[in-house]
Amino acid sequence: MKAWWQQLNSREQRLVAAMTLVFMVFVFYSAVWKPINNSISEANSKLARQVQLLTWVQENTTRYKQAKRAGGKSTLRGSISSVANRSAKVYKLTITRMQPQGDDLQVWIDSTPFTQLLFWLEHLANNEGLQVKAIDLTQGDKVGEVKVRRLHLTKA
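Residues numbered from 1 in each chain as written. Predicted model: local features only at pLDDT ≥ 70, side-chain atom pairs only at ≥ 80, totals over all residues. Heavy atoms only, no water.

Q: Would you mind showing me how to read the pattern of salt bridges here?
A: Working definition: two side chains of opposite charge can pair if their charged atoms are close together. In total, this model carries four salt bridges according to the counting rule given. Across the salt bridge formed by Asp 104 and Lys 133, the nearest N and O atoms sit 3.5 Å from each other. Of this pair, Asp 104 sits in strand S2 (residues 104-113) while Lys 133 sits in strand S3 (residues 130-139); the two residues are 29 residues apart in sequence, bridging distant segments of the chain. In this structure, Asp 141 engages Lys 147 in a salt bridge whose closest nitrogen and oxygen atoms are separated by 3.3 Å. By relative accessible area, Asp 141 is classed as exposed at 60%. With relative accessibility at 19%, the residue Lys 147 sits in the buried group. (Salt bridge = Lys/Arg side-chain N within 4 Å of Asp/Glu carboxyl O. Helix = DSSP H or I, 4+ residues; strand = E, 2+ residues; numbered from the N terminus. Buried < 20%, exposed > 50% of the residue type's maximum accessible area, 1.4 Å probe, protein only.)

Q: Where do I start with a nonpolar patch on the surface in this structure?
A: Residues Phe 28, Tyr 29, Val 32, Trp 33, Ile 36 and Ile 40 make up a contiguous nonpolar surface patch of about 610 Å² in total accessible area. The topology assignment puts Tyr 29 in helix H2 (residues 10-71). (Patch = residues over 30% accessible without salt bridge, like charges linked within 9 Å, V, L, I, M, F, W, Y side chains within 5 Å. Areas by Shrake-Rupley, 256 points an atom, 1.4 Å probe, with all protein chains shown as cover.)

Q: Would you mind showing me how to read the packing of aromatic side chains here?
A: In the structure shown here, the tally under the stated rule is zero aromatic pairs. It is Arg 97 that lies over the ring of Trp 108; its NZ or CZ is 4.1 Å from the centre. (Phe/Tyr/Trp six-rings, centres within 6.5 Å; stacked < 30°, edge-to-face > 60°. Lys NZ or Arg CZ within 6 Å of the ring centre and 35° of its normal.)

Q: How should the side chain of Glu 145 be read in this particular structure?
A: The residue Glu 145 is located in strand S4 (residues 145-155) in this model. Buried within the structure, Glu 145 lacks any salt-bridge partner; its nearest side chain of opposite charge belongs to Lys 142, at an N-O separation of 4.7 Å. Within the structure, Glu 145 has its side chain in polar contact with the side chain of Ser 111 (distance 2.5 Å). Apart from residues no more than four positions distant in its own chain, Glu 145 is found in contact with Ser 111, Thr 112, Pro 113, Phe 114, Gln 139 and Gly 140. (Lys, Arg positive; Asp, Glu negative; His and termini not counted. Polar contact = N/O pair within 3.5 Å; in protein donor to acceptor, adjacent residues only side chain to side chain. Contact = heavy atoms within 4.5 Å.)

Q: When you look at the sheet that holds S2 in this model, what are you seeing that I'm missing?
A: Hydrogen bonds between backbone groups are what pair the strands of a sheet, and the pairing can be parallel or antiparallel. Pairing in this open sheet of four strands is antiparallel, and the strands run S1-S2-S4-S3 from one edge to the other. The outermost strands of the open sheet, each flanked by one partner alone, are strand S1 (95-101) and S3. Between one strand and the next, the sheet's axes are offset by a mean angle of 20°, whatever the strand orientation. Where S1 lies against S2, six bridges are found, and the strand directions are antiparallel. (Pairing = 2+ DSSP bridges. Axes fitted to C-alpha atoms, helices over the stretch in contact; angles between N-to-C directions.)

Q: Explanation requested: unusual backbone geometry in the structure shown.
A: Within the chain, Lys 92 stands out as a residue other than glycine whose phi angle is a positive 55°. Position of Lys 92 among the secondary structure elements: in the loop between helix H3 (80-90) and S1. Residue class for Lys 92 comes out exposed when judged on its relative accessible area of 71%.

Put into structure tokens, the structure is as follows:
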């Protein structure tokens, strides 16, 4: 290698030295600088996404707490069975059987429109202070109808 270097004239030696320097800068840029720079860019974009997610979670947590406070003020007016009977009549549901179990209530309903059942359950949860603990459904007699084999209601 030394002999090869010696046989080059001074102009060629400067040219080889300059090309070696350019090559080393290229290798440094390709192997070190660019990957680090890309990693920093990716980390910054990930951080921005995480900050955006955190902001969204904080805003919605506040909304959730406000809704919970507003919704949590509804109290049960009467016994669970009387509330269930009264509201079922409003939603034109026919309860075939009720069975109180301490503070809870088991309800059975024959074939009824599924959407009507959902509206009733939503009313119980949002307006009457009741919560569905468990529900067993089967297909009803007609299309779009269900039979409630067991609906377990409890105080929210």
